[in-house]
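Structural characterization, general
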Amino acid sequence: MNTEKVVNVFIWDLTQGLFPSDRQLIPNLNDIYELELAFYENRILSDAELIRNGAYFSLIGGKYTRHFLMCTGEPLKLPDHSSSRLKSFFEKNIFRTGYATHGLFPYRGKFHPQMIKGLMNVMGLKPGDTVLDPMMGSGTVLVEACLMGIKSIGIDASPFCRFMTQTKLDALTMSLARARGALANYEEGFAYFQKRVGRPKPGSKPSRAKTTKDAMSVMEETAEYLTKKDHQTLTEKDRDTLNTYHFLLLAYLDSACYVERSARKAPLAQFRAILERYLFVAEKIQKVLVGLEMELVAAEVLEGDARSLSLDDNSTDGIIFSPPYSFAVDYLANDSFHLNFMGINSDTLREGMIGLRGRNFSEKYQFYQEDMGKVLTECARVLRPDCFCTIIVGTNNNQLGKVFGVSPDEVQGLHEILIDMGAGCGFKPVKVLSRPIIGISNTMRREYILILQKTSH
């Protein structure tokens, strides 16, 4: 046995063979797909671009990257009663998620922001380009694009998603003085929202909404009036009022949702803990962005239907989205409390939601295919030729196996189905990456990243 040769091999670190010595990776880069994205970033981006927008590097030529700086320190101010498992998760994933304003509101099924940043880089998107997320959910793509200087458009059928995304974007730069005052007087703020919004019932299911109203109808008259004005003409004081009330409302809805799910913590204490966490998140990113505010790019946050986009042909430079996990995750059931608080009829919204239409698995799957065909057709229409559309989708073979009456191992995955659909719309697959799913592995084991390119002809 040539033990000397073995020892010499072990001396080398894998990254030493992939990256120049002056480019240091982010700590805890453990998954293969992350290493792949880092490899592509290294090949595509210059040193200056890596420092400004790189997702997977901490040091470039001895200079810290912006991503490293915005992530270091305590990741989130978690409640005292948080489990050791939850605390460990955020400590290990400090560079993947929870930074910037992504930590506002724990939306189920959200992207890892770091992954989205890396994908925009490997898609060739640069400051000044426009990226579209036609199913924006919690707004991860838009927040990342804003930080990277990339213009963005986000569309979602859910009014709550529109409200949540806009609040996260505003929290990057809004004045936090009044929000700090609200935390100092959290009992008064809690009483205000209980009166305006409603009182959560610990450990119960949310009641049905009786009226239809927008997010700001639960606000004081001043804030509600401001929503009807042209935002470009708002005074600084008016904008401060509007942003602060959005911020506080989201915190209250977040806390109320926790209370509805569990009676473990009193509603007032829950509101205080979440508002404290929201302020910590906003203050942390704003400190990093001091002097860089002019580099941020405004996003367009819209309510609409991904099957019929209100955008011009060939108007976007890239598309990133995650279609609903069909019948694996019922997003409206998860959001019903917030939608009901906002006076939105969940049943009516469900009738038009992709992946939720249908009475049984078989019918839901049929509608899902029809709807996703329309979405991909629209994506091909609004994307410029030769540009990329990236789709992140989990394959829920267990449910699909029930549809077809076969073993899950015999089922064509959703990612394969979408690739076939995309080919019919003028998309060719250029790369397929996969990553393990943690948390719902009984439903889906892997998530696939499909990078498709719109052909010129």
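See the structure shown above.
Reading the values: rules and limits
- Residues numbered from 1 in each chain as written.
- Predicted model: local features only at pLDDT ≥ 70, side-chain atom pairs only at ≥ 80, totals over all residues.
- Heavy atoms only, no water.
- Helix = DSSP H or I, 4+ residues; strand = E, 2+ residues; numbered from the N terminus.
- Buried < 20%, exposed > 50% of the residue type's maximum accessible area, 1.4 Å probe, protein only.
- Contact = heavy atoms within 4.5 Å.
- Areas by Shrake-Rupley, 256 points an atom, 1.4 Å probe, with all protein chains shown as cover.
- Pairing = 2+ DSSP bridges.
- Phe/Tyr/Trp six-rings, centres within 6.5 Å; stacked < 30°, edge-to-face > 60°.
- Lys NZ or Arg CZ within 6 Å of the ring centre and 35° of its normal.
- 1 Å grid on protein atoms, 1.4 Å probe; cavity = no way out; pocket = protein on both sides within 12 Å on 5 of 7 lines; lining within 4 Å.
- Points joined across faces, edges and corners; volume = space filled by probe spheres on them.
- Nonpolar A, V, L, I, M, F, W, Y, C, P; charged D, E, K, R; others polar.
- Core = buried A, V, L, I, M, F, W, Y, C linked by side-chain atoms within 4.5 Å.
- Axes fitted to C-alpha atoms, helices over the stretch in contact; angles between N-to-C directions.
- Parallel < 35°, antiparallel > 145°, perpendicular 65-115°, else oblique.
- Left-handed = near helix turned anticlockwise from the far one by under 90°.
- Salt bridge = Lys/Arg side-chain N within 4 Å of Asp/Glu carboxyl O.

1. Quick word on the overall build of the protein chain
From N to C terminus, the protein chain includes 19 helices and ten strands. Evaluated residue by residue, the protein chain yields a buried proportion of 54% over its 457 residues. Within the protein chain, counting contacts between residues at least 6 apart in sequence, those at least 24 apart form 72% of the total. Surface accessibility of the protein chain: about 20900 Å² in total, with carbon and sulfur atoms responsible for 51%.

2. Things to note about helix α19 (residues 414-424)
All of the buried residues in α19 are Leu414, His415, Ile417, Leu418, Ile419, Met421 and Gly422. Contact partners of the buried residues in α19: α17 (361-382), β8 (383-394), α18 (397-404), β9 (427-436) and β10 (446-454). Following α19 by one or two positions, Gly426 has its phi on the positive side, about 95°.

3. Structural notes on the sheet that holds strand β2 (residues 57-60)
Spatially, three strands are ordered β1-β2-β3 in an open sheet, and the strand pairing comes out antiparallel. The outermost strands of the open sheet, each flanked by one partner alone, are β1 (23-25) and β3 (63-64). Where β1 and β2 come together, three bridges link them in antiparallel fashion. Each bridged residue has a counterpart across the sheet, and for Leu25 the counterpart in β2 is Phe57.

4. With respect to the packing of aromatic side chains
Each aromatic ring pair is specified by the distance between its two centres and by the angle formed by the two planes. Tallying each qualifying case throughout the model produces 13 aromatic pairs. Consider the rings of Tyr252 and Phe271, whose centres lie 6.0 Å apart with planes at 65°: the pair is edge-to-face. Placement of the pair is Tyr252 in helix α13 (residues 236-261) and Phe271 in helix α14 (residues 267-288), with a sequence separation of 19 residues. Each member of the pair Tyr252 and Phe271 is classed as buried. The rings of Phe190, Tyr192, Phe193, Tyr245, Tyr252 and Phe271 are connected pair by pair, giving a single aromatic cluster. We note Arg272 situated over the ring of Tyr186; from NZ or CZ to the ring centre the distance is 5.3 Å.

5. Details of empty space enclosed by the protein
Here the idea is plain: a probe the size of a water molecule rolls over the atoms and shows the empty space left. Here the structure, examined in full by the defined rule, presents two cavities of 30 Å³ or more. Estimates place the volume of the largest cavity at around 40 Å³. Taken together, eleven residues form the lining of the largest cavity, with Pro27, Asn28, Phe95, Arg96 and Gln114 sitting closest to its centre. Residues belonging to the lining of the largest cavity are distributed by class as follows: five nonpolar, three polar and three charged.

6. What to know about the nonpolar core
The biggest cluster of nonpolar side chains holds 51 residues, and the ones touching the most others in it are Tyr56, Met115, Ile116, Leu119, Met120 and Ile320. Among the secondary structure elements, those contributing two or more residues to this core are α3 (32-44), α4 (47-53), β2, α5 (66-71), α7 (113-122), α8 (140-148) and β10. Top element by residues in this core is α8. It accounts for seven residues. Leave out the neighbours within four places in its chain, and Met120 touches Leu125, Val131, Val141, Glu144, Ala145, Met148, Ile150 and Ile320. Judged by nonpolar contacts, the second largest core, of 38 residues, contains Phe190, Leu248, Leu253 and Met342.

7. Some remarks on the packing of helix α10 (residues 177-184) against α14
The contact between α10 and α14 brings their axes to 10 Å, and the two run at 155°. Our classification of the angle between α10 and α14 gives roughly antiparallel. Between α10 and α14 lies a crossing of left-handed hand. From α10, Ala179, Arg180, Ala182 and Leu183 reach across to α14, where they touch Arg272, Leu275, Glu276, Leu279 and Glu283. Across the contact of α10 with α14, the residue classes tally to five nonpolar, no polar and four charged.

8. Section: the sheet that holds strand β6 (residues 299-303)
Taken in spatial order, the seven strands of this open sheet run β6-β5-β4-β7-β8-β10-β9, and their pairing is mixed. In this open sheet, the two edge strands, each paired with only one partner strand, are β6 and β9. Going across the sheet, the axis of each strand differs from the next one's by a mean of 15°, ignoring polarity. The pairing of β8 with β10 spans seven bridges and is antiparallel. Directly across from Thr390, in β10, lies its bridge partner Ile451. Sheet contacts for helix α9 (residues 159-170): β5 (151-156) and β6; angle to β6, the most-contacted strand, approximately 165°.

9. What about the environment of Ala282?
Mapping Ala282 onto the fold places it in helix α14. Those residues within four positions of Ala282 in sequence are excluded, and the remaining contacts are Ala171, Leu176 and Phe247.

10. Section: the pattern of salt bridges
Summed over the entire model, instances satisfying the criterion amount to 17 salt bridges. Between Glu34 and Arg96 there is a salt bridge, with its nearest N and O atoms 2.6 Å apart. Of this pair, Glu34 sits in helix α3 while Arg96 sits in the loop between α6 (84-92) and α7, and the two are 62 residues apart along the sequence. In this structure, Glu295 engages Arg52 in a salt bridge whose closest nitrogen and oxygen atoms are separated by 3.1 Å. Taken together, the positions of Glu295 in the loop between α14 and β6 and Arg52 in helix α4 put the pair 243 residues apart, joining distant regions of the chain. According to the relative accessible area criterion, Glu295 is partly exposed, its value standing at 31%. Taken together, the salt bridges that share partners define one network made up of Arg52, Arg66 and Glu295.

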